[in-house]
Structure formats: structure tokens, C-alpha cells
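Analysis of the macromolecular model
Letter by letter, the chains look like this.
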Amino acid sequence: MLSFEMNDRKKIGLGLTGFGVFFSFLGIILFFDKGLIAMGNILFFSGVALTIGLKSSLQFFSKRSNYKGTISFGAGFFLVIIGWPILGMILEAYGFVVLFSGFWPTLAVFLQKIPILGWIFQQPYIRSFFDHYRGKRVPV
């Protein structure tokens, strides 16, 4: 049976994931600073691994349907490390979209429940866009 309680490991993992996103964003804002982007990537990877578990992370990234996203995300990370942050971030963004595309329906439901911002996402033309992807299963 799956455990949905929030233990200390998951709290630390969510914090590391948040800091990873923050450092990556800060690296992009500061003209693609490769140090901040690399630190953000490392924190993001370690945060995901702590949040969902090491075994689940390995299964997720090594699934046959996720090979394209995993390879492009890894190649982008390598390009950031060797000093090509713009090309690396483009590859990472593509890999991120491919890897986590199953989470968009969950994100859409969450965005529609936010008080002021939710009104925008409940408009008919935006809602129809999100409803198109709602039937898909989350990959983890």
C-alpha cells in the first residue's frame, strides 16, 4: 500500500526541490550563470529522489517511455556543467516537459482551485485545453 503521509524525508525533499527550482530560476535571471544552474539541477535531482524515494526515482527515470526525456535532461545538465548554459537549459527544458508531462492534469486542477488565479484557469477556452489532457495517468 502506498504511503501518503508527510514524513521528515519528504519535507526535506520538497525543500530541496524548491531550492533547486529557485537556484535554476536565479541562474537564468542572472544571464545563465552556469554555477547557479548546476546547483539548481543537483538540488532538484536530490529533492525528487528524497520526495518519491530512490527506488521510485530510478524506476521513473529509467522507464522505457521516459528515455527521451531522461537523455535530453542529462545531456542538458552535462552541457551546463561544461559551460554551455543556454543550450543546456534548452535541452533540459525539453527533457523536463517530456518527463513530467503526465503531471500537467494535476497541476491544472491545482491552479483552478487558487482563489484569484483560478478564475483565469476556469475560463472556457483555457479549461477546454486542460480538459483535453485530464484523462491521462500520472507517471509515478
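Predicted model, so just to flag it, every value in this text is computed and none were measured. (Residues numbered from 1 in each chain as written. Predicted model: local features only at pLDDT ≥ 70, side-chain atom pairs only at ≥ 80, totals over all residues. Heavy atoms only, no water.)

1. A word on the overall build of the protein chain
Counted only if it meets this: In DSSP terms, a helix is any run of H or I states spanning at least four residues, a strand is any run of E spanning at least two, and both are numbered starting from the N terminus. A 1.4 Å probe rolled over the protein chains alone gives each residue an accessible area, and that area as a share of the maximum for its type sets the label: buried under 20%, exposed over 50%, partly exposed in between. The contact definition used throughout considers only heavy atoms, calling two residues in contact when any of these lie within 4.5 Å. For accessible areas, the Shrake-Rupley method is used with a probe of radius 1.4 Å. Any residue's cover is judged against the shown protein chains and nothing else. For the purpose of charge, His is not counted, nor are the chain termini; Lys and Arg are scored as positive and Asp and Glu as negative. Charged groups are reduced to one reference atom each: NZ for lysine, CZ for arginine, CG for aspartic acid, CD for glutamic acid.
Helices and strands together make up the secondary structure of the protein chain, namely eight helices and zero strands. Helices and strands appear in the protein chain in the N-to-C order α-α-α-α-α-α-α-α. Overall size of the protein chain, expressed as C-alpha extent along the three principal axes, is 45 × 40 × 30 Å. The buried share among the 140 residues of the protein chain stands at 32%. Intrachain contacts of the protein chain at a sequence separation of at least 6 include 53% that bridge at least 24 residues. With an accessible surface of roughly 9,400 Å², the protein chain has 75% of that area assigned to carbon and sulfur atoms. If you average the places of the 13 positive and of the 5 negative side-chain charges in the protein chain, the two averages end up 10 Å apart.

2. Concerning helix α3 (residues 54-61)
Residues separated by three or four positions in an α-helix point in the same direction, a consequence of the helix having 3.6 residues per turn. Put simply, the rule reads: The directions from the helix axis to the C-beta atoms form the arc being described.
Turning to α3, its buried residues are Ser-57, Phe-60 and Phe-61. Along the axis of α3, the buried positions cluster into a sector of 85 degrees, meaning they face one direction only. The exposed residues of α3 that point more than 90 degrees off its buried face are Lys-55 and Leu-58. Packing partners of the buried residues in α3 comprise α2 (34-52), α4 (67-82) and α5 (85-99).

In short, geometric facts, not functional conclusions.
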